[in-house]
Amino acid sequence: MLNKKNLFIILIILLTSIVGVGLVFNNRKTRTYLNPEKVITEVKTYFMHVVGSYILNEPIHYKYENNELIVYQGGITTQHNGNITYYDFFANASTGEIIDIIECTK
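These numbers come from a predicted model, not from an experiment.

## Structural notes on the nonpolar core
Judged by nonpolar contacts, V39, I40, V43, F47, I55, Y72, I76, Y87, F89, A91, A93 and I98 together constitute the single largest core of 12 residues. Elements with a contribution of two residues or more to this core: α2 (36-44), β3 (67-80) and β4 (83-92). Beyond its immediate sequence surroundings of up to four residues, A91 is in contact with V39, I70, V71, Y72, G96, E97, I98 and I99.

## What to know about the packing of aromatic side chains
Under the definition given, this model contains 3 aromatic pairs. When the centroid spacing of 6.3 Å and the interplanar angle of 15° are considered together, the rings of Y62 and Y64 count as stacked. Of the residues examined, Y62 reaches a relative accessible area of 15% and is grouped as buried. With centroids separated by 4.0 Å and ring planes inclined at 10°, the aromatic side chains of Y62 and F90 adopt a geometry described as stacked. Highlighted residues: Y62 in strand β2 (residues 60-64) and F90 in strand β4, separated in sequence by 28 residues.

## Quick notes on unusual backbone geometry
Even without glycine at this site, H49 takes up a positive phi of about 60°. Residue position: H49 is located in the loop between α2 and β1 (50-55). For H49, a relative accessible area of 46% translates into the label partly exposed. Positive phi, close to 65°, is recorded for N66, a residue that is not glycine. In this structure, N66 sits in the loop between β2 and β3.

## Some remarks on α2
Among the residues of α2, P36, V39, I40 and V43 are the ones counted as buried. With its buried residues spanning 95° around the axis, α2 presents them on a single face. The inward-facing, buried residues of α2 abut β1, β3, β4 and β5 (98-104).

## Some points on the pairing of β3
As paired elements, β1 and β3 share 5 bridges and run antiparallel to each other. Within the sheet, the bridge partner assigned to V50 lies in β3 and is T78. In the sheet, β2 pairs with β3 via 5 bridges, with the strands oriented antiparallel. In the strand pairing of β3, H61 is matched with I70. Between β2 and the antiparallel strand that follows it, β3, lie 2 residues; E65 among them carries a positive phi value of about 50°. Here β3 folds back onto β4 in antiparallel fashion, the turn holding 2 residues, of which N81 has a positive phi close to 55°.

Cut-off values and rules
Residues numbered from 1 in each chain as written. Predicted model: local features only at pLDDT ≥ 70, side-chain atom pairs only at ≥ 80, totals over all residues. Heavy atoms only, no water. Core = buried A, V, L, I, M, F, W, Y, C linked by side-chain atoms within 4.5 Å. Buried < 20%, exposed > 50% of the residue type's maximum accessible area, 1.4 Å probe, protein only. Helix = DSSP H or I, 4+ residues; strand = E, 2+ residues; numbered from the N terminus. Contact = heavy atoms within 4.5 Å. Phe/Tyr/Trp six-rings, centres within 6.5 Å; stacked < 30°, edge-to-face > 60°. Arc of directions from axis to C-beta. Pairing = 2+ DSSP bridges.

Encoded structure:
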């Protein structure tokens with residue numbers, strides 16, 4: 001049978017677990033990322049003669065220099081002297097910082 005001391009210990013452990021799960025859930029729920037449309041607008045300023053662009057609305061995990069970051073992935077199409085060039089980019093979903101720009105080859 002449980003005595004008062006054991007019941008009190010079980011109650012403390014239960015309450016601590018409930019509070020911990022609540023804090024983790026609240027942290028995940030309130031984690032916000034920048035609006036992807038604002039990110040793509042900022043990225044376009046890095047290029048001249050932009051003729052097309054896209055950005056994925058869902059952040060993805062991206063490994064860069066031994067770090068795994070949450071980023072938006074997108075692409076830019078530019079035209080210069082009749083030549084079209086395609087670029088892929090990765091931008092930090094929390095800060096909007098450009099992590100990587102890759103020129104795509106045909």
